[in-house]
Amino acid sequence: MTFTFKHFTELTTNELYDILKLRSEIFVVEQDCVYNDLDDLDKDAIHQFLVKDGQIVAYSRLLKPGTRFNDYSIGRVVVKESERRTGLGILMMEEAKSYILKNWNPDKIKISAQKYLRKFYEDLGFKIVTDEYMEDGIPHYGMLFEKQAD
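Residues numbered from 1 in each chain as written. Predicted model: local features only at pLDDT ≥ 70, side-chain atom pairs only at ≥ 80, totals over all residues. Heavy atoms only, no water.

Visitor: Before we move on, can you summarise the nonpolar core with the specific residues and values?
Guide: Counting 17 residues, the largest nonpolar core has Leu62, Ile74, Ile100, Ile111, Tyr121, Phe126 and Met143 as the members making the most contacts within it. With four residues, helix H2 (residues 88-104) is the largest single contributor of residues to this core. In this structure, Ile100 is in contact with Leu62, Tyr72, Ser73, Ile74, Asn105, Pro106 and Ile109, ignoring residues within four places of it in sequence. (Core = buried A, V, L, I, M, F, W, Y, C linked by side-chain atoms within 4.5 Å. Buried < 20%, exposed > 50% of the residue type's maximum accessible area, 1.4 Å probe, protein only. Helix = DSSP H or I, 4+ residues; strand = E, 2+ residues; numbered from the N terminus. Contact = heavy atoms within 4.5 Å.)

Visitor: Account for the environment of Phe120, naming residues and giving values.
Guide: Tracing the chain through its elements places Phe120 in helix H3 (residues 118-123). Under the relative-accessibility criterion, Phe120 is labelled partly exposed at 25%. Residues Phe120 and Ile19 lie 101 residues apart in sequence; the distance between their C-alpha atoms is 23 Å. Contacts of Phe120, omitting those with residues within four sequence positions, involve Gly89, Ile90 and Met93.

Visitor: I'd like a rundown of the pattern of salt bridges, residues and numbers included.
Guide: Pairs may arise between side chains of opposite charge once their charged atoms sit close together. Within this structure, the stated rule accounts for 13 salt bridges. Between Asp39 and Arg61 there is a salt bridge, with its nearest N and O atoms 2.7 Å apart. Here Arg61 lies in strand S3 (residues 55-63) and Asp39 lies in the loop between helix H1 (13-30) and strand S2 (46-52), a separation of 22 residues in the sequence. Given a relative accessible area of 25%, Asp39 falls into the partly exposed group. Across the pair Glu135 and Arg68 runs a salt bridge whose closest N-O atoms are separated by 3.0 Å. In this pair, Glu135 is assigned in strand S7 (residues 133-135) and Arg68 in the loop between S3 and strand S4 (72-79), connecting sequence segments 67 residues apart. Overall, Arg68 belongs to the partly exposed group, its relative accessible area being 33%. Each of Arg23, Asp39, Asp42, Arg61 and Arg76 takes part in salt bridges that share partners, so that together they form one network. (Salt bridge = Lys/Arg side-chain N within 4 Å of Asp/Glu carboxyl O.)

No statement about biological role is implied by the geometric values presented.
This is the structure:
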């Protein structure tokens, strides 16, 4: 399994369409959440995705400070329902962290994590740094991954 990392301007129209379709399937339809997914941050993002059998089945976007947060961040994390519980989400997050650490060398990475995924992200080294809050009608925590000193 090889994840692709592309800046917005490098995405093909088909890749962009498939990314937006997957995000809509999960965040809007599956989670029954009406919100504006097209928030202009995609234009500044590195898009991480995995193609399997011609379909994008996993995706996240990586952002630099000053876009969504003051820290580097990973967001819009999705895995197609048929691919869940296979370890794909863990692999994707580990590769996203590695990409950020290798290419941007930050001290920390911030995420806005849905509450029900708290343990998933804690197991990946993220720690809760905010009280629970509502985002688009879904409970979330602000979480931080801090790079360990060498």
